[in-house]
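Each chain, letter by letter, is given below.
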Number of protein chains: 2
Amino acid sequence: LSHLSPSSRPPTLQWIGSIDGHLQILDQRKLPTITELVTIQNTEELWNAIKTLAVRGAPAIGVAAAYGMVLAARTVPPSSQSNILIDVLETTADYLKSARPTAVNLAWAVDRMLSVAIAQRAVGVRQLQQRLLQEAQSIQAQDTAMCLAIGRHGAPFIKPNARILTHCNAGALATSDHGTALATLYEAQRQGIPFQVYADETRPLLQGARLTAWELAASNIDVTLICDNMAGMVMREKQISLVIVGADRIAANGDTANKIGTYSVALLARAHNIPFLVAAPTSTFDLTLKDGSQIPIEERPGSEITNSPGPSNECLAPPGIKTYNPAFDITPASLITAIVTDQGVISPVTEPAIRALIHPPAKQNP
Amino acid sequence: LSHLSPSSRPPTLQWIGSIDGHLQILDQRKLPTITELVTIQNTEELWNAIKTLAVRGAPAIGVAAAYGMVLAARTVPPSSQSNILIDVLETTADYLKSARPTAVNLAWAVDRMLSVAIAQRAVGVRQLQQRLLQEAQSIQAQDTAMCLAIGRHGAPFIKPNARILTHCNAGALATSDHGTALATLYEAQRQGIPFQVYADETRPLLQGARLTAWELAASNIDVTLICDNMAGMVMREKQISLVIVGADRIAANGDTANKIGTYSVALLARAHNIPFLVAAPTSTFDLTLKDGSQIPIEERPGSEITNSPGPSNECLAPPGIKTYNPAFDITPASLITAIVTDQGVISPVTEPAIRALIHPPAKQNP
């Protein structure tokens, strides 16, 4: 446990040391006011960290769960039979999945770890423990490589002195590092391109204020926090030159589901002739969906709107008031200038262009 | 002091009884969670109520201040010379103005009360006290008449089963009753026209959540609270048929300054082909301003964005983060379908149409 200055952003999660080491995670429950690293020594601690959102974001959860399988494996004495280890891993896989039952990446990662153990059981427990650590590190490396590839493909859109607006958090905090949409900013920064960012606070849960503004400032990127309803005025007054957002799901025609408010931002960008980029891994595409109308939209409790998202949870609206709280909206492909992926850039956004880029899913972190 | 059920909305402010009575105000500091009426018996209590925003909104402050002059006048013994009363009123005028030094309506109202007293000083103290109460009630009646006239002119835009979106609070709570933009809704309700309202919460200070949602619900109007960034999605998904907002200042060409976020809502309305109405008293026009670029935009402290607007004031963003917090934005006349005033409707919104309707300002509450 250590306290860090906001100008040094620690990695979202990281294995420290050898097989006898530990998983270190940045505690996202305490952001943005406290930057604290937590040491995870066993699967119970990891289950709690995932359950209570100390670590969140689909790719980051997958990587964390893979390390959780390592933590379980190393509890088995080296003198044991491999069967014992497999049994422990099977139990752990179910246990970790129960922390976030709908998290596809979590299930994918623990199943991949389990199948590696089963396939290589002949090498014995001590060797298997080492191989599982390598496999978890390989899952993390693939995630990092995916982020960096998005960054490389997206960075050319960021011209010197660009003024970029972003919404929600598609950043390093949601992945093992670098992020998806924000990877383009980190890559542009690495290339020495000067730019400024305006971050929508992203009501109701304020991911823009709590996560995006935090991670960009902690990475020494010039970021200004605004309320969502200022986006139109800021586009005009501050001459925003580019909008970049992430995606939760993309249909075959390019219609994109992302955090609520993205559709409004896309319309405002169009009204000001500002390019609107979506940046996301190819695993975000669901080519079985014809268009955005087939993407289900989660409605969440109205208390997210009526009560403070901070620790006080204080009520800020009339008790019992009717609310409507969709978690996502659909931005039609026609409003998207380009989709930046780890495999390349899709522009203009058309179904043939998408199908040409997205190959049948390989065995990768979804 | 009394507690009321949310289905009975008390007037924003009201003089109770004769000259020996008191001013009763709805305590807006406690809304939306507590509905409480406060009794104001003297000018100190009124100064505090204005200073601490127990009563707010330009027209309401003007009316309250007029009653404040009555509270001061009645402290003078009936046997005194009129000069004593005038002296007390002059001191009180300066005192009340100091509660909100930039509130034009406040200064206008106390000066009007003072000039009535000076002009009629010959009638003696007892009579003057009565006439001042009548003058304050007349100022309130004019304000109410102005609101009702806006309502009458605006109601025809509300068709049966309309789905209306509004932003911020241009409601009964900002006036002595009925409001400006929201007066159109109260008039449509009175006429028995069925409609639904979606209220933007209006970050950073949440006037939509705290005031608009409260007063519409308390008036038995079907209102749904949403976050500002949901406006675009709600326009499409819920088939919004009309947007109505208020105005803080309108230039000669119709460009309108209103609460931050109004410009974004106007652009989103245009993208969905939804009529966008501004409703405001004619006193809101400033014909000395050629267009919106001449309207100064107040920037407010970033703490309004970074900290909760509730009693906790808890920090919800990274400490020290850079912010941009304009309080207003400018909606160009080209995005406004019509401006509804107490004198009639301006549509299409052009400078000749505005000048034809707005006569040189008469002696009215500005």
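Everything quoted here is computed from the prediction, not taken from an experiment.

Colleague: Help me out: how do you make sense of the overall build of chain A in this one?
Modeller: Broken down by element type, chain A carries eleven helices and 15 strands. Taking 21 Å as the expected radius of gyration for a compact globule of 366 residues, we find that chain A reaches 21 Å, a close match to that expectation. By principal-axis analysis of the C-alpha atoms, chain A measures approximately 70 × 50 × 45 Å. Going through the 366 residues of chain A one by one, you find that 60% of them count as buried. Here the contacts in chain A between residues at least 6 apart in sequence split such that 75% fall between residues at least 24 apart. Here chain A has roughly 13700 Å² of accessible surface; of this, 52% comes from carbon and sulfur atoms. Between the mean site of the 28 positive side-chain charges and the mean site of the 30 negative ones, chain A shows a separation of 2 Å.

Colleague: Help me out: how do you make sense of the side chain of Lys-259 of chain B in this one?
Modeller: Here Lys-259 of chain B is to be found in strand S9 (residues 256-259). Notably, Lys-259 of chain B is buried but unbridged: the nearest opposite-charge side chain belongs to Asp-248 of chain B, and the N-O separation is 5.9 Å.

Colleague: Explanation requested: the pattern of salt bridges in the structure shown.
Modeller: Between side chains of opposite charge, a pair can form as their charged atoms come close. Taken as a whole and judged by the stated rule, the model has 24 salt bridges over all chains. Among the salt bridges present, the one from Arg-29 of chain B reaches Asp-27 of chain B, with a minimum N-O distance of 2.9 Å. Each of Glu-298, Arg-300 and Glu-304 of chain A takes part in a single network of salt bridges with overlapping partners.

Colleague: For this particular structure, what's the right way to read the relation of the copies chain A and chain B?
Modeller: The two chain copies are connected by a rotation around an axis plus a translation along it. Rotating chain A by 180 degrees and moving it 0.0 Å along the rotation axis overlays it on chain B with an RMSD of 0.1 Å. Expressed as an axis order, the relation between the two copies is that of a two-fold axis.

Colleague: Where do I start with the environment of Gly-344 of chain B in this structure?
Modeller: All names here are of chain B. Locating Gly-344 in the fold gives a position in strand S15 (residues 344-346). Between the C-alpha atoms of Gly-344 and Pro-281, which are 63 residues apart in sequence, the distance is 9.8 Å. For Gly-344, the residues in contact, after removing those within four places along its chain, are His-153, Ile-339 and Leu-357.

Colleague: Please explain the sheet that holds strand S11 (residues 285-286) of chain A as it appears in this structure.
Modeller: Where strands meet in a sheet, backbone hydrogen bonds hold them as pairs that are either parallel or antiparallel. Residue and element names in this part refer to chain A. Reading across the sheet, the four strands line up as S11-S8-S9-S13 and stay open at both edges, with mixed pairing between neighbours. Every interior strand has two partners, whereas the edge strands, S11 and strand S13 (328-331), have only one. Here two bridges tie strand S8 (residues 249-251) to S11, and the two strands are oriented parallel to one another. Residue pairing for S11: Ala-251 is matched across the bridge by Asp-286. Sheet strands touched by helix H9 (residues 262-271): strand S9 (256-259) and S13. Its angle to S13, the strand with the most contacts, is close to 35 degrees.

Colleague: Even after reading the chapter, I still don't get the environment of Asn-169 of chain A, so can you show me in this structure?
Modeller: Residues and elements named next belong to chain A. You can see Asn-169 is positioned in the loop between strand S4 (162-166) and helix H6 (183-190). What Asn-169 contacts, discounting residues up to four positions off in sequence, is Arg-56, Ala-174, Leu-182, Gln-207, Leu-211, Thr-212 and Glu-215. A distance of 3.4 Å separates a polar atom in the side chain of Asn-169 from the backbone nitrogen of Gly-171. Side-chain polar atoms of Asn-169 contact the side chain of Glu-215, separated by 3.2 Å.

Colleague: What's the story with the nonpolar core in this structure? I'm lost.
Modeller: Across soluble globular proteins, you tend to see nonpolar side chains buried next to one another. By size, the foremost hydrophobic cluster in this structure holds 140 residues, and its most contacted members are Ile-158, Leu-185 and Val-243 of chain A together with Ile-158, Leu-185 and Val-243 of chain B. For Ile-158 of chain A, the residues in contact, after removing those within four places along its chain, are Ile-164, Thr-184, Leu-185, Ala-188, Ile-193, Phe-195, Leu-242 and Ile-244 of chain A.

Colleague: Just checking my understanding: could you explain unusual backbone geometry for this structure?
Modeller: Excluding glycine, a negative phi dihedral is what most residues carry, and trans is how most peptide bonds are arranged. Along the chain, Leu-31 of chain B connects to Pro-32 of chain B via a cis peptide bond; the corresponding omega equals 5 degrees. By the secondary structure assignment, Pro-32 of chain B is in the loop between strand S2 (22-26) and strand S3 (37-40). Of note, the amide linkage connecting Ser-347 of chain B to Pro-348 of chain B takes the cis form, showing an omega dihedral of -5 degrees. Mapped onto the elements of the fold, Pro-348 of chain B is located in the loop between S15 and helix H11 (351-357). Of note in the backbone geometry, Asn-161 of chain A takes a positive phi value of approximately 65 degrees without being a glycine.

Cut-offs applied
Residues numbered from 1 in each chain as written. Chains lettered and ligands numbered in written order. Predicted model: local features only at pLDDT ≥ 70, side-chain atom pairs only at ≥ 80, totals over all residues. Heavy atoms only, no water. Helix = DSSP H or I, 4+ residues; strand = E, 2+ residues; numbered from the N terminus. Rg over C-alpha atoms; globule rule 2.2 N^0.38 Å. Buried < 20%, exposed > 50% of the residue type's maximum accessible area, 1.4 Å probe, protein only. Contact = heavy atoms within 4.5 Å. Areas by Shrake-Rupley, 256 points an atom, 1.4 Å probe, with all protein chains shown as cover. Lys, Arg positive; Asp, Glu negative; His and termini not counted. Charge placed at Lys NZ, Arg CZ, Asp CG, Glu CD. Salt bridge = Lys/Arg side-chain N within 4 Å of Asp/Glu carboxyl O. Least-squares fit on C-alpha atoms with pLDDT ≥ 70 in both. Pairing = 2+ DSSP bridges. Axes fitted to C-alpha atoms, helices over the stretch in contact; angles between N-to-C directions. Polar contact = N/O pair within 3.5 Å; in protein donor to acceptor, adjacent residues only side chain to side chain. Core = buried A, V, L, I, M, F, W, Y, C linked by side-chain atoms within 4.5 Å.

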